[in-house]
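Here is how the chains run, residue by residue.
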Amino acid sequence: MGLGVNMSRIVYVNGEYVSEESAVISVFDRGFLMADAVYEVTSVLDGKLLEFDGHLKRLKRSLSELDMQEPDAINDLLEIHRTLVRDNQVDQGGVYLQVTRGVADRDFIYPENVKSTLVMFTQSKDILGSKLVEKGMKVISIDDLRWGRRDIKTVQLLYPSMGKMMAKSAKCDDAWMVEDGYVTEGTSNNAYIIKNGKIITRAKSFAILHGITRTSVLRFAKEAQMELEERNFSISEAIDADEAFITSASSFVTPVINIDGQNISDGSPGPMTQRLREIYLDESIKTAI
Ligand code: PDD
């Protein structure tokens, strides 16, 4: 499975740069056996990394919350990201990074003195030109059946995958998850509505991933004198909103125009959402490295 243009990627596995065909990890790796692993996805535009510091900081927090050892290469991560982007000629796309607790005989108890596994690879993708930016996304609502520590970016992505499949069968683009009557987040993004000029999004807690894009978008919105409120909202409030959107590293700011078959306003992307996307892209490109 190469990049599609007859090009085999160079990937990084525990200190080595190897071709994707020859990259291997152990069948005893706890990432494979127990989903005992965390990850980050950093976007690349013009061959540069967006929000690298934010992703590194969240990675360290995820590791620490799980008492997982930092990989030996923790201080070389920027250089490894850049090498992979350069050697795989990534102009637009992302770098995926995963740390697992390492290799040990299968046991629920965390092994001691085991080195963590570090795997990284690139994906070339047209992340700027998504059709959904112009069209807007249609989402369905589903129960949030994930575990209770969604603030830790673990690789337990089966329920989010199921959610995307449910959305796909409903001819929609994603699912917004609902818990106790309120939206938590999208399957791989944070969720927002706008009502009477005010941006509303759920506050940070164990219930959602603390998106790096979320933090920046809220900061830029504040700097642009936009009104913000961090609080829960329901699906019916969202359908009744003026605009809705999502944020994530790979989608930046993308409009949501329909929920469970019901249009939001006139069912086209809203002006504040478009403005936020422009601001986010302008500002984050400035600090890309
Ligand atoms: N997903 N919420 C969830 C559940 C996510 O998986 C993500 C990111 C976000 C947005 O976080 P950030 O702004 O830091 O990308 C929110 C990534 C992109 C993924 O799994 O591919």
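Before reading further, recall that the structure is shown in the block above.
Now for a look at the structure at hand. Just so it is clear, the structure is predicted and the values come from calculations on it, not from any experiment. (Residues numbered from 1 in each chain as written. Predicted model: local features only at pLDDT ≥ 70, side-chain atom pairs only at ≥ 80, totals over all residues. Heavy atoms only, no water.)

### Some points on the side chain of histidine 210
Link 1 in the chain: Structurally, the position occupied by histidine 210 is in the loop between β11 (198-201) and α6 (212-223).
Link 2 in the chain: Setting aside chain neighbours within four positions, we find histidine 210 in contact with Arg58, Arg61, Asp151, Lys204 and Ser205. (Helix = DSSP H or I, 4+ residues; strand = E, 2+ residues; numbered from the N terminus. Contact = heavy atoms within 4.5 Å.)

### Structural notes on the pairing of strand β7 (residues 137-143)
Link 1 in the chain: Note: β7 against strand β14 (residues 252-259), three bridges, orientation parallel. Within the sheet, the bridge partner assigned to valine 139 lies in β14 and is isoleucine 259.
Link 2 in the chain: Bridge analysis of β7 against strand β8 (residues 174-179) gives five bridges, and the strand direction is parallel. What sits directly across from valine 139, in β8, is aspartate 174.
Link 3 in the chain: Viewed along the sheet, the connection from β7 through helix α5 (residues 158-169) into β8 turns out right-handed. (Pairing = 2+ DSSP bridges. Right-handed = clockwise from strand over helix to strand, strands pointing away.)

### Some points on the pairing of strand β13 (residues 243-248)
Link 1 in the chain: Burial analysis of β13 places six of its six residues in the buried class, which makes it a mostly covered element.
Link 2 in the chain: Neither face of β13 is open: one carries Glu243, Phe245 and Thr247, the other Ala244, Ile246 and Ser248, and all of them are buried.
Link 3 in the chain: Relative to β14, β13 runs antiparallel, the two being bridged by five bridges. Within β14, the position partnered with threonine 247 by the bridge is valine 253.
Link 4 in the chain: Connecting β13 to the antiparallel partner β14 that follows it, the hairpin turn spans three residues. (Buried < 20%, exposed > 50% of the residue type's maximum accessible area, 1.4 Å probe, protein only.)

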